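# Topology and contacts: notes
So you can see what is in the structure, the chains are spelled out below.
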Amino acid sequence: MKIDVVTIFPDYFAPLKLSLLGKASESGIVEFQIHDLRSFARNNHHAVDDTPYGGGAGMVMLPEVWGLALDPLMVENTDLIILTPAGKRFDQPMAESLSASSHIVFACGRYEGIDDRVRQHYSTQEYSSRNIRVHEVSIGDYVLGGGEVASLVMIEAITRLLPGVLGNPLSLSEESHNEDGYLEYPNFTKPSIWRDIPVPEILLSGNHGEIAKWRAEQASKRAENNI
């Protein structure tokens, strides 16, 4: 998988060199390339934004700058992710779907967002005929300073599903969010008593059938409490 990220803060993506993501990059499972949006600005001050038509507070990111940055990245079979609070909520099924993509481009907006004509342009038949898909995505019902944090969240959720990324592939069989909507059960390790709080006795019993039943019940309760 190849992942391109377009941002005005390239240094934000230093974590991609760490831990599992760094190992996945070194092994060639995933290729990361970070692009500085300001390098595509064609004005003296390298501005990437301007005041909004119709008035209002804040600034809007210029479509021409984004077009110059995205055009060379829009190859066949590409998923373009535009991070925006107005987008579809990111979840585990979306992560699983995107993990099958061969090429993902993250457009990290700032200020009041990216001029909507960028979305419109890359959603036209010219691009869809080349199997280029545009997704507006949000990671939650809150507003961030920009799309960088959101893209890092998505990148980690997506890439950990790629074969070879996790050291133990069996970890994927016990995800925090499974297809039934349950959250992961609480986990414990040594010592059996910590600060006067004991590990549930069932987990020390060795009865794997009862342990599985207890874990399922706990996962169900957590899901109910999060509705």
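An account of the accompanying structure is given in this report. In this text the structure is predicted, and so the values were computed from the model without any measurement. (Residues numbered from 1 in each chain as written. Predicted model: local features only at pLDDT ≥ 70, side-chain atom pairs only at ≥ 80, totals over all residues. Heavy atoms only, no water.)

### Digging into the overall build of the chain
Of the regular secondary structure elements, the chain holds seven helices and nine strands. For the chain, the spread of C-alpha atoms along the three principal axes comes to 70 × 40 × 35 Å. When burial is assessed residue by residue, the chain has 38% of its 227 residues classed as buried. Partitioning the contacts of the chain with sequence separation of at least 6, the portion at a separation of at least 24 is 75%. (Helix = DSSP H or I, 4+ residues; strand = E, 2+ residues; numbered from the N terminus. Buried < 20%, exposed > 50% of the residue type's maximum accessible area, 1.4 Å probe, protein only. Contact = heavy atoms within 4.5 Å.)

### Observations regarding the pattern of salt bridges
All chains considered together, the criterion is met by seven salt bridges. With its nearest N and O atoms 3.9 Å apart, the salt bridge here joins Lys-2 to Asp-4. Residue Lys-2 is classed as partly exposed on the basis of its relative accessible area, which comes to 28%. Classification of Asp-4 by relative accessible area gives buried; the value is 0%. Here Arg-133 makes a salt bridge to Asp-79, at a shortest N to O gap of 2.7 Å. With Arg-133 in strand 7 (residues 132-138) and Asp-79 in strand 5 (residues 78-89), this residue pair connects regions lying 54 residues apart in the sequence. Residue class for Asp-79 comes out buried when judged on its relative accessible area of 4%. What you see here is one network of salt bridges that share partners, running through Asp-116, Arg-119 and Glu-136. (Salt bridge = Lys/Arg side-chain N within 4 Å of Asp/Glu carboxyl O.)

### Comments concerning helix 1 (residues 19-26)
Those residues of helix 1 not exposed but buried are Leu-21, Gly-22 and Ala-24. Buried positions in helix 1, seen along its axis, are confined to an arc of 160° and lie on one side of it. Opposite the buried face of helix 1, by more than 90 degrees, sit the exposed residues Ser-19, Lys-23 and Glu-26. Elements that come into contact with the buried residues of helix 1 comprise strand 2 (31-36) and helix 6 (147-159). Where helix 1 terminates, the next one or two residues include Gly-28, which has phi positive at roughly 85°. (Arc of directions from axis to C-beta.)

### Focus: the pairing of strand 2
With six bridges connecting them, strand 1 (residues 2-7) and strand 2 associate as parallel partners. Across the sheet, the residue bridging to Val-6 is His-35, located in strand 2. With respect to chirality, the unit in which strand 1 leads through helix 1 into the neighbouring parallel strand 2 is right-handed. (Pairing = 2+ DSSP bridges. Right-handed = clockwise from strand over helix to strand, strands pointing away.)

### Observations regarding unusual backbone geometry
Omega for the bond connecting Lys-190 with Pro-191 falls within 30 degrees of zero, at 5°, which places this linkage in the cis form. Looking at where Pro-191 falls in the secondary structure, it is placed in the loop between helix 6 and strand 8 (193-194). A positive phi angle is found at His-46, which is not glycine, with a value near 55°. Examined against the element boundaries, His-46 turns out to sit in the loop between strand 2 and strand 3 (49-50). Judged by relative accessible area, His-46 falls into the partly exposed class, the value being 42%. Non-glycine residue Asn-131 carries a positive phi angle of around 65°. The residue Asn-131 is located in the loop between helix 5 (125-128) and strand 7 in this model. When its relative accessible area of 35% is taken as the criterion, Asn-131 is described as partly exposed.

### Some words on the sheet that holds strand 1
A sheet is described by the order of its strands in space; here five strands give the open sequence 2-1-6-5-7, paired in parallel fashion. Pairing within the sheet leaves two strands with one partner each, and these edge strands are strand 2 and strand 7. Averaged over all neighbouring strand pairs, the angle between strand axes comes to 25°, with direction disregarded. Across eight bridges, strand 5 lies against strand 7 in parallel orientation. Its bridge partner lying in strand 7, Lys-88 is registered against Val-137. Across the sheet, helix 2 (residues 63-70) lies against strand 1, strand 5 and strand 6 (103-107), angled at about 155° from strand 1, the strand it touches most. (Axes fitted to C-alpha atoms, helices over the stretch in contact; angles between N-to-C directions.)

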